[in-house]
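Each chain is listed here by its residues.
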Amino acid sequence: SGCGGGSDAPVNTGQASFTFTWPATNVDTPGLVNLRSAQSLRVEILFGTTYVDHVLVNRPADGQSQTTISTITGLPVGDYRFTVSVFDTVNGAGNALAEAAGVVTVAVETPAAKTLATGDADHVMLSPRNVTLAVNGTVQLTAFAMTPTHAILLVPVGTTFTWISDTPAVATVDATGRVTALTTGTATINTTVTLGGTAYTPMSPATITVN
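Everything quoted here is computed from the prediction, not taken from an experiment. The numbers attached to residues start from 1 for each chain and follow its sequence in the written order. Local features in this predicted model are restricted to residues of pLDDT 70 or higher, and side-chain atom pairs are both shown and tallied only at a pLDDT of 80 or more, whereas totals for entire chains, interfaces and linings draw on every residue. Side-chain numbers come from the whole structure's heavy atoms, not from hydrogens or water.

S.K.: Is there a simple way to think about the environment of Asn91 in this case?
M.R.: With respect to the helices and strands, the residue Asn91 is situated in the loop between β5 (78–87) and β6 (96–106). It is 18 Å that separates the C-alpha atoms of Asn91 and Leu116, two residues lying 25 residues apart in sequence. Note on contacts: a residue pair qualifies if any of its non-hydrogen atoms lie within 4.5 Å across the two residues. Not counting chain neighbours up to four residues away, the residues in contact with Asn91 comprise Ser40, Leu56 and Asn58. Going along the chain from the N terminus, every DSSP run of H or I of four or more residues is numbered as a helix, and every run of E of two or more is numbered as a strand.

This is the structure:
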């Protein structure tokens, strides 16, 4: 008799890196948040709303302005969400000073790289923008602010995006950006956020097609 054997197909993996320039501890940072007292930064990778991995980096010890690159390896290829928190003590403890979110596509050959920055908002983006769902299907949308240099903008903790569906009979959206398909048709989902006293809305909303 023979014995059958097998193995799972290999999973292609890649990595995502996040670049952040720590401000000097003796200089206030202009823009929406002042991060001169920042001591640590945590980036968390999510698949939809499910935790996948994280990286935590502490500020370089000398208090000068320095750039660090934090990398998460071994991620199966695909599209992910990420959240960022900056803290006033080391090891991701203490009070959160700023936060951010975004999306990243992990591929095998090309490392995914994102830059995090302080400053003022230039525009807001929304992802994904074209989604097809079955009835009762769901998808998590992510909205994030960008700087004029297209970096992910760190915003004040508790910054709230307001979500709206133009056809809630077809697809609804909750306060976190999670969309639920109700019946066949098409709905447009958009969001608004106020940053520095100015309201921002993505130029390209999300189109949800329900089959």
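Back to the write-up after that little detour.
S.K.: Is there a simple way to explain the pattern of salt bridges in this structure?
M.R.: If charged atoms from side chains of opposite charge come close, those side chains can pair. Note on definitions: salt bridges are taken to be side-chain nitrogens of Lys or Arg within 4 Å of carboxyl oxygens of Asp or Glu. Inspection of every chain in the model, using the stated rule, returns two salt bridges. With a shortest N-O distance of 2.7 Å, Glu44 and Arg42 are connected by a salt bridge.

S.K.: Before we go on, may I ask you to explain unusual backbone geometry in this structure?
M.R.: The bulk of non-glycine residues show a negative phi, and the bulk of peptide bonds are trans. With an omega dihedral of -10°, the bond running from Ser127 to Pro128 counts as a cis peptide bond. The topology assignment puts Pro128 in the loop between β8 (123–127) and β9 (130–133). We note that Asn136 has phi near 80°; this positive angle belongs to a residue other than glycine. Backbone geometry at His150 places phi at a positive 70°, although glycine is not the residue there. With respect to the secondary-structure elements, His150 resides in the loop between β11 (142–146) and β12 (152–153).

S.K.: Would you mind going over the sheet that holds strand β13 (residues 155–156) with me for this structure?
M.R.: Strand-to-strand pairing in sheets goes through backbone hydrogen bonds, with the strands running parallel or antiparallel. Strand pairing is assigned whenever DSSP identifies at least 2 bridges connecting the two strands. In spatial order, the strands read β3-β2-β5-β6-β13; together these five strands make up an open sheet with antiparallel pairing. Since the sheet does not close on itself, it has two edges, and those belong to β3 (50–58) and β13, each with one partner. Bridge count for strand β2 (residues 40–47) against β5 is seven bridges, and the pairing is antiparallel. Opposite Ser40, over in β5, you have Phe87 as the bridge partner.

S.K.: Quick question: what am I supposed to make of the sheet that holds strand β10 (residues 138–140) here?
M.R.: The strand order across the open sheet built from three strands is β10-β16-β15, with neighbouring strands paired in antiparallel fashion. Each edge of the open sheet carries a strand with a single partner, namely β10 and β15 (171–173). When the angles between neighbouring strand axes are averaged without regard to direction, this sheet yields 20°. Pairing of β15 with strand β16 (residues 178–181), which is carried by three bridges, proceeds in the antiparallel orientation. Looking at β16, one finds that Thr172 is bridged to Thr180. Axes here mean lines fitted to C-alpha atoms, for a helix over just the part in contact, with angles spanning 0 to 180 degrees between N-to-C directions.

S.K.: Honestly, the environment of Leu35 in this entry has me stumped. Any pointers?
M.R.: You can see Leu35 is positioned in the loop between β1 (13–22) and β2. Note: C-alpha distance between Leu35 and Tyr51 (16 residues apart in sequence) is 26 Å. Contact partners of Leu35, with chain neighbours within four places excluded, come to Phe20, Pro23, Thr29, Arg59, Val86, Leu97, Ala98, Thr118 and Leu154.

S.K.: Is there a simple way to think about the packing of aromatic side chains in this case?
M.R.: Two rings from Phe, Tyr or Trp (for Trp, the six-membered ring) form a pair when their centres sit within 6.5 Å of each other. Planes less than 30 degrees apart are called stacked, planes more than 60 degrees apart edge-to-face, and all others tilted. Overall, the coordinates contain three aromatic pairs when judged by the stated rule. With a centroid separation of 5.0 Å and 65° between ring planes, the pair formed by Phe18 and Phe82 is classed as edge-to-face. Remark: Phe82 occurs in strand β5 and Phe18 occurs in strand β1; sequence separation between them is 64 residues. Relative accessibility under 20% of the residue-type maximum defines a buried residue, over 50% an exposed one, and the middle range a partly exposed one, all with a 1.4 Å probe and only protein chains included. A residue is classified by how much of its surface remains accessible, and Phe18, at 1% relative accessible area, is buried. For the ring pair Phe47 and Tyr80, a centre distance of 6.0 Å and an interplane angle of 65° mean the geometry is edge-to-face. Of this pair, Phe47 sits in strand β2 while Tyr80 sits in strand β5, placing them 33 residues apart in sequence. Look at Phe47 and you get exposed, because its relative accessible area is 52%.

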